[in-house]
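What follows is the residue order along each chain.
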Amino acid sequence: MTRLPLILSATLLGAFLAKDALALDFKSVGAAPAIMYDAPSEKGRRVYVAPRGMPVEVVLTYGEWSKVRDAAGTLSWVSSKALTPKRMLVVSAANARVYNAADESSPVVFTADKSVLLEMLESPNNGWVKVRHRDGQTGFVKAGDVWGD
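Here is a short report on the structure shown in this document. (Residues numbered from 1 in each chain as written. Predicted model: local features only at pLDDT ≥ 70, side-chain atom pairs only at ≥ 80, totals over all residues. Heavy atoms only, no water.)

This brings us to the overall build of the chain. The helix and strand inventory of the chain stands at 1 helix and 14 strands. Looking at the chain alone, contacts between residues at least 24 apart form 49% of all its contacts between residues at least 6 apart. Accessible surface, the chain: about 9400 Å² in total, of which carbon and sulfur atoms supply 53%. (Helix = DSSP H or I, 4+ residues; strand = E, 2+ residues; numbered from the N terminus. Contact = heavy atoms within 4.5 Å. Areas by Shrake-Rupley, 256 points an atom, 1.4 Å probe, with all protein chains shown as cover.)

Right, here's the structure in full:
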């Protein structure tokens with residue numbers, strides 16, 4: 001008797017139950033720039049300074065420290081106090097178009113160059129994210145043109 005079907009069933013069930021455990025936790029650097037370290041301590045080596053509003057994916061929390069991944073995929077540690085739950089996105093496309101509605105046939109409200117920060121106003125829906133530029137303009141951008149959602 002083969003155990004392969006039983007093993008596959010258990011694996012699929014485990015993956016189904018663990019899907020919430022794999023949910024991504026995004027936050028942003030708060031009102032002040034944050035020093036990113038190579039270890040969860042101020043005695044660690046300073047890797048770089050993250051600008052305010054920069055989105056990060058929280059990979060792990062260890063005491064008062066968070067291990068985060070940035071848009072470039074770099075892993076570093078930051079004081080958890082330096083992060084805010086406010087959701088920011090960074091444009092990853094060369095020239096992202098922000099539309100009046102979640103539809104490419106709607107008028108373009110503005111365009112955003114690569115690395116521009118946008119505030120996420122609504123969670124992604126059908127491949128679109130509602131965003132606001134710091135100048136106040138709002139619209140919908142394709143989820144694939146931004147990082148941090």
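Let us keep going from here.
Of note, A34 is situated in strand β2 (residues 34-37). Taking the C-alpha atoms as reference, A34 lies 9.9 Å from G53; in sequence the two are 19 residues apart. Setting aside residues no more than four positions away along its own chain, A34 makes contact with V29, Y48, V49, A50, V78 and A82.

Turning our attention to the pairing of strand β13 (residues 138-142). With 5 bridges connecting them, strand β12 (residues 128-132) and β13 associate as antiparallel partners. Following the sheet pairing, V131 is matched in β13 by G139. (Pairing = 2+ DSSP bridges.)

Another point: the pattern of salt bridges. The full count for this structure, using the stated rule, is 4 salt bridges. R45 is paired through a salt bridge with D38; the nearest N and O atoms lie 3.7 Å apart. Take D38: its relative accessible area is 41%, and that puts it in the partly exposed class. Between E104 and K142 there is a salt bridge; the shortest N-O distance is 3.0 Å. Remark: K142 occurs in strand β13 and E104 occurs in the loop between β9 (95-99) and β10 (108-113); sequence separation between them is 38 residues. (Salt bridge = Lys/Arg side-chain N within 4 Å of Asp/Glu carboxyl O. Buried < 20%, exposed > 50% of the residue type's maximum accessible area, 1.4 Å probe, protein only.)

With that out of the way, let us pick up the nonpolar core. Soluble globular proteins tend to bury their nonpolar side chains together. Counting 14 residues, the largest nonpolar core has L89, V91, L118, V129, V131, V141 and V146 as its most contacted members. With residues up to four places along the chain from it excluded, the contact list for V146 reads L89, V90, V91, S92, L118 and V141. In this structure, A34, A50, M54 and V68 belong to the second largest nonpolar core, which totals 10 residues. (Core = buried A, V, L, I, M, F, W, Y, C linked by side-chain atoms within 4.5 Å.)

As a further point, take unusual backbone geometry. Non-glycine residue S115 carries a positive phi angle of around 80 degrees. Turning to its location among the elements, S115 is positioned in the loop between β10 and β11 (117-120). Residue S115 is classed as exposed on the basis of its relative accessible area, which comes to 52%. Of note in this structure, N126 is not a glycine but carries a positive phi near 55 degrees. Inspection of the secondary structure puts N126 in the loop between β11 and β12.

This part is about a nonpolar patch on the surface. Together, V59, L60 and L75 line one region of the surface with nonpolar side chains, adding up to about 240 Å² of accessible area. Mapped onto the secondary structure, L60 falls in strand β4 (residues 55-62). (Patch = residues over 30% accessible without salt bridge, like charges linked within 9 Å, V, L, I, M, F, W, Y side chains within 5 Å.)

Relative to the assigned elements, E119 resides in strand β11. Filtering out sequence-adjacent residues up to four positions away, E119 remains in contact with K86, R87, M88, K130, V131 and R132.

Looking now at the packing of aromatic side chains. Any two aromatic rings considered together are summarised by their centre-to-centre distance and by the angle between their planes. Under the counting rule described, the total for this entry stands at 4 aromatic pairs. Ring centres of Y37 and W65 lie 5.5 Å apart, and the angle between their planes is 85 degrees; this geometry places the pair in the edge-to-face category. Here the residue Y37 occupies a position in strand β2, and W65 occupies one in strand β5 (residues 65-69), the gap between them amounting to 28 residues. Of the two residues, Y37 and W65, both sit in the buried class. Their ring planes at 85 degrees and their centres at 5.6 Å tell us that Y99 and W128 sit as a pair that is edge-to-face. Residue Y99 is found in strand β9, and its partner W128 is found in strand β12; the two are separated by 29 residues along the sequence. Under the relative-accessibility criterion, Y99 is labelled buried at 6%. (Phe/Tyr/Trp six-rings, centres within 6.5 Å; stacked < 30°, edge-to-face > 60°.)

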